[in-house]
Amino acid sequence: MIRLILIRLLTFGPTVIVASMVLFVAVNVVPGSASKAALGIYATPQAVKRFEHQHGLDRPLVIQYIEWAGKALRGNFGMSFQNAVAVGPEVKKRLPVTLQLAGMAFLIAVGLAISLGALAGFYHQRLPDVCITTIATLFGSVPNFWLATLLIYLFSLHLGWLPTGGFVPYSEDLVANLRGMILPSIALGVVSSGLLIRIMRTSLIEVMSAHFIETAQSKGISNFKLVIGHALRNALIPFLTVSAVEFGFLVGGVVILEDVFRIPGIGSLVLVGIINRDYPVLLAAAMVITMIVLVTNLLVDLLATIIDPRQVRARN
Amino acid sequence: MGRINWRKYGLLIFSLPVVVILFCASAFSSLLAPYDPYYLDVMYMLEGPSSGHLFGTDELGRDVLSRTIYASQISIVVGLIAVAIGMTGGTVIGVTAAYFGGLIDNLLMRLMDILFSFPAILLAVILMANLGTSILNAMLAIGIIFIPGFARLTRAVTQTVQRQQYLEAAICIGVSGPRLIWREILPNVFGPVVVEAAVAFSYAVLLESALSFLGLGAQPPEPSWGNMINTGRGFIEQAPWISFAPGMALFLCVFSFNILGDGLRDLLDPKLNK
Amino acid sequence: MKYPKHISRLAVVVAGTLALGVVFTAGAQEAKYGGTLVAAFSADPGGFDPAHGPSGMSHIAIEQVYSTLLLLDANAQPYGGLAHNWSQSEDGLTWTFNLREGVKFHNGEALTAEDVVFSFDRIRGPDSGYAYPSQVADIAAVTAIDDLTVEFKLSQTTGPFEIYMAFPGSSIVPKDLVESGWDLNAKPVGSGPFKFISYEPRSAIKFERNADYYETGKPYFDGMVYRIVSDPTALSNGMKSGEINFSNEVPPKDWEAIVSKEGMVNAALEGSRYYWLIPNWETPPLDNVKARQAIAIALNRAAIVKGAFYGQATPLLGGVIPKWNWGYADIEFFKPQGDIEAAKKLLAEAGIEPGIEITLNMVSSWPPMMSMAPIIQANLSQIGFKATIETMEVPRYWDEVWGPSKFDITVMYWLSPLADPDDFVTNTYFSTSGVNVHKGGSKEMDDLLLAAKSAVTIDERKELYRQQQALSLETMDVVPLVNAWVLAAHTGQLKNFKPMRTGFLKTLKDAWLE
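So, here is what we can say about the structure in this document. What you are looking at is a predicted structure, and each value in this text was computed from that prediction instead of being measured. (Residues numbered from 1 in each chain as written. Chains lettered and ligands numbered in written order. Predicted model: local features only at pLDDT ≥ 70, side-chain atom pairs only at ≥ 80, totals over all residues. Heavy atoms only, no water.)

**Overview of the overall build of chain A**
Quick reminder of the rule: Going along the chain from the N terminus, every DSSP run of H or I of four or more residues is numbered as a helix, and every run of E of two or more is numbered as a strand. Any residue under 20% of the maximum accessible area for its type is buried, any over 50% is exposed, and the rest in between are partly exposed; the area is computed with a 1.4 Å probe on protein chains only. Contacts are residue-level and defined by heavy atoms, with any inter-residue pair within 4.5 Å sufficient. In this description, accessible areas are obtained by the Shrake-Rupley approach with a 1.4 Å probe, and a residue is regarded as covered only by the protein chains that are shown.
The secondary structure content of chain A amounts to 13 helices and 0 strands. Secondary structure of chain A in N-to-C order comes out as α-α-α-α-α-α-α-α-α-α-α-α-α. Here chain A holds 316 residues, and the buried ones make up 53% of them. For chain A, long-range pairs separated by at least 24 residues make up 75% of all intrachain contacts whose partners lie at least 6 apart in sequence. Only carbon and sulfur atoms are counted for the fraction: they give 69% of the accessible area of chain A, which is about 14,400 Å².

As structure tokens, this is what we get:
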């Protein structure tokens, strides 16, 4: 087990580096020069040249990468092309916002998954199972941005219960913060729950078909207690490890929904970076999002290895 | 009704007609749509559903229903080509990795793992800004994003096949290289890949509309479900129907292909009843 | 009890005066101090140093923090800013400005002629990176005659000179502070009505009142917050909910809903943000003036006003100089609904057969462009041009379409931050202008433009611009479309705000909140 853990930890570093290289190349090969985006359509050629020199855009890509990577490791993400303001502090401010949204959405998804998935697994092949599986597919098929639009229309505009968007830090006003985060969390969480419900269901079915359940049944423990007591616990672990993959999809969904609900997180920063061709901003935001996914995957893998090394070995 | 094996064919029976309808809508849009999707008359802008316009008109007076029907073309075509690209590229990489094993396998799979860890929408957004916003590039971008998924799948299946007895038998009698791949490995890869393709198709449709929604896919005035939902968002109070029809269509499309995937799985490999 | 007669008469007089006093004060507007104005804008500023740019949003912030020698009133007429008096020499080549006494920068330092000289030398330098070199190109020298007098020597007479002196780029910066290495771009320090407090990217710019502003008694707000709201729907919602009490960037599609709300004041006015259709002179048959004129005549500007601007624009029926400006040439060349028959006739005269395929390249990021594209396409097809619409977002457009002039027809808009006719027309019509992507122009046009700019009296210039406008319609370099209004709306609690034609907000210093 220690061996597995070490391997996993050692491969993390190179993975991050390669990922950063991929992103750097992808971002810097973006056509539509950053200078025109920052200076405007009527910029003089001299101004453009000055800009490119100022930001080191006239040097070879490899050198640019090494400089960027070196600074990034120390938390310095450079200066935004648009505002001549450092990118790092803005990223730092926005990160907790995205984490809160992703976290809340994930909780909703997992909550739905465990409850509905367990029910479906318990009533395997019977009506509740069929219903829930269909609902799960429905959930997973809804486009999250359309669901968001519908939710806004219903709860904000029609009923007026919740704001159409915007963000208030929880340190300022917890109630307002939650009110602003409910709809986006639901939109994200419900869609993600689609897959998670089915994973939970499968996990539970597999566990329930295992021998020890039969043994317990023969002992006379009621089925329901059985599920809650034994099966669920055993089903949770494989469920959690597989659901970590879904977290990656969820974090991706953050990019769209932060835009729809005007939440100042890292996701909307990606779009800002793209629309303005603001490379430092785009790179920083994309890197942070990727890191969130990589770190989460790492933690879940390590957890899974500790709890059940056999499963991890089998998967590899 | 009783003689049909619902467990095996049930989902397919429900999803196939919808899928066929969707394909017909895109292939025969001009026949099905009551109006030209580009015809506009600003005098009739933002009008609600009526007998003349079942789903109302948009901000330039164009018929929302007709545009929704035509928009299916983009989704279907992008879905097909993106999946084709992903499938082809992924299969090549996956089978190669499993076939050669060792260092090649390791390197290829490490690369696939890294690509896989990028959230799809993030890669898609950056790629589209990179390549330029057009439908062609959307197909390419989404196709590239699918390659790691298909690679993993085909590699896993190939490895399973490799462990089978009959493969060793074939090698014994001298079948090797491309022939081995073509004769023994690929046919077994087919089933799981087809299932994955159906699910990938629905995800491709979702990704394409997400890109258009963000303004990085099909550009107006070309109708696409994504950009219609986006435009509709600006008018959600005055004219909620602009977002509604394309959203419904998109939802239906993705849902039916997901069910189709499930149905195919039931048909081809019931053991994977997930 | 009966009062003595003179006391009762006194009582009547006193009562009457009191009554009159009540009547008068109720009618008169008493300025109130205090309150914070919350305004909303869609773009981030690029920085706060007047020597940089261009960035419209930067200027909106710069004009509050700094002062200029002259200012423009709501009718775009110059009046004294830092200079209480100014004069022009007989030959028009020397301008002298007399500065006010006792003006201080926000850091307490006194503002003298030295600072003025420094500010202008700074932007005139060849490596300055100043985005408006044409405004300072004619300045040969700036000298401080004494502490409170500055002299500008021009290399040629410049009609719009006073307007340039009121432009935010011509703001006066503190010489000692800048020379000590202070970064004005991040932390602006000027002598304007408001002091800069903070800037949070994509969030807000905060200002506080400058109690030592040279216009004693002004400004009235305690402070201002410029919120940056990039999503137009969010901006509209903010205005409807009252969170935002001012904006001059109200999205056209929500204008009616916002302005009809109780307590909202409609401060919309025509400025100079006109849209023009640009035919590429290098694409036949667009090199034929009759073809360009035909297209221009055929367009249904009324439909564009309705469909792309929801009615909040003025169709340009002649030249691009708008009605409110003194340079307006009252020439009616186009019909608001367009004239398809006349256009077809022109094409027939030129021997141009219908069925020509052309591309209409539009920017997808700007909703008005997207809305007007199909309308233009429809008009074009009515006169026999088969137009396909190609769209792309802004940065790609600049690189692939605008920069290399790779287009058949495109549409662009020009937002003039100056109120002078020269700024409306030179960039578009001058043959060597960087904006001349249509590769048009003529010597006659160039000469007219130069003459009109350097003429000394308004009357001379007015006549020259009339000629230029007429010529522009004859040669149809570009096709004027519409002039979109500045959609400004604010809460009824904001009093005495006079919107400016240029879209700037200097007049906020004269306004107060109830």
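**Quick notes on the nonpolar core**
Residues and elements named next belong to chain C. The following threshold applies: Put simply, buried Ala, Val, Leu, Ile, Met, Phe, Trp, Tyr and Cys residues joined by side-chain atoms within 4.5 Å make one nonpolar core.
Core analysis: the largest hydrophobic core is formed by 202 residues, its most contacted members being Met372 and Leu481. The residues contacting leucine 481, other than those within four sequence positions of it, are Tyr275, Trp276, Leu277, Leu299, Arg301, Ile304, Pro315, Leu316, Met372 and Val411. Of all hydrophobic cores here, the second largest spans 106 residues; its members include Met165, Leu184, Ile205 and Val425.

**Points about the interface of chain C and chain A**
Applied cut-off: Put simply, buried area is how much 1.4 Å-probe accessible surface two parts lose in total, over both of them, once they are put together. Any Lys or Arg side-chain nitrogen located within 4 Å of an Asp or Glu carboxyl oxygen qualifies as a salt bridge. What qualifies as a polar contact is a pair of N or O atoms within 3.5 Å, subject to a donor-acceptor requirement within protein and to the restriction that residues adjacent in sequence count only when both atoms come from side chains.
Contacts between chain C and chain A engage 26 residues on the former and 24 residues on the latter. For chain C, the biggest contributors to the area lost against chain A are Arg202, Pro395 and Trp398 of chain C; these three give 31% of the whole. Here chain C and chain A share 3 salt bridges between them. With a closest N to O distance of 2.7 Å, glutamate 200 of chain C and lysine 93 of chain A form a salt bridge. For the pair chain C and chain A, the interface holds 3 residue pairs in polar contact (both at pLDDT 80 or more).

**Section: the packing of aromatic side chains**
Condition: Two rings belonging to Phe, Tyr or Trp (six-membered ring only in the last case) form a pair when the distance between their centres is within 6.5 Å. Interplanar angles under 30 degrees mark stacking, angles over 60 mark edge-to-face geometry, and anything in between is tilted. The rule for a charge over a ring is simple: NZ of Lys or CZ of Arg within 6 Å of the ring centre, and within 35 degrees of the ring normal.
A full pass over the atoms with the stated rule returns 39 aromatic pairs over all chains. For the ring pair phenylalanine 23 of chain B and phenylalanine 257 of chain B, a centre distance of 6.1 Å and an interplane angle of 75 degrees mean the geometry is edge-to-face. Of this pair, phenylalanine 23 of chain B sits in helix 1 (residues 6–27) while phenylalanine 257 of chain B is found in helix 10 (residues 241–268), placing the two residues 234 residues apart along the sequence. A centroid spacing of 5.1 Å and a plane angle of 55 degrees characterise the contact between tyrosine 33 of chain C and tyrosine 220 of chain C, whose relative ring orientation is tilted. Pair noted here: tyrosine 33 of chain C is in the loop between helix 1 (5–27) and strand 1 (36–41) and tyrosine 220 of chain C is in the loop between strand 9 (204–209) and strand 10 (223–228), with a separation of 187 residues, a long-range link. Owing to a relative accessible area of 51%, tyrosine 33 of chain C belongs among the exposed residues under this scheme. When its relative accessible area of 12% is taken as the criterion, tyrosine 220 of chain C is described as buried. Here the aromatic residues Trp95, Phe97, Phe120, Phe152 and Phe161 of chain C are joined through ring pairs into a cluster of three or more. It is arginine 152 of chain B that lies over the ring of phenylalanine 116 of chain B; its NZ or CZ is 4.4 Å from the centre.

None of the figures reported here should be taken as evidence of function without further support.
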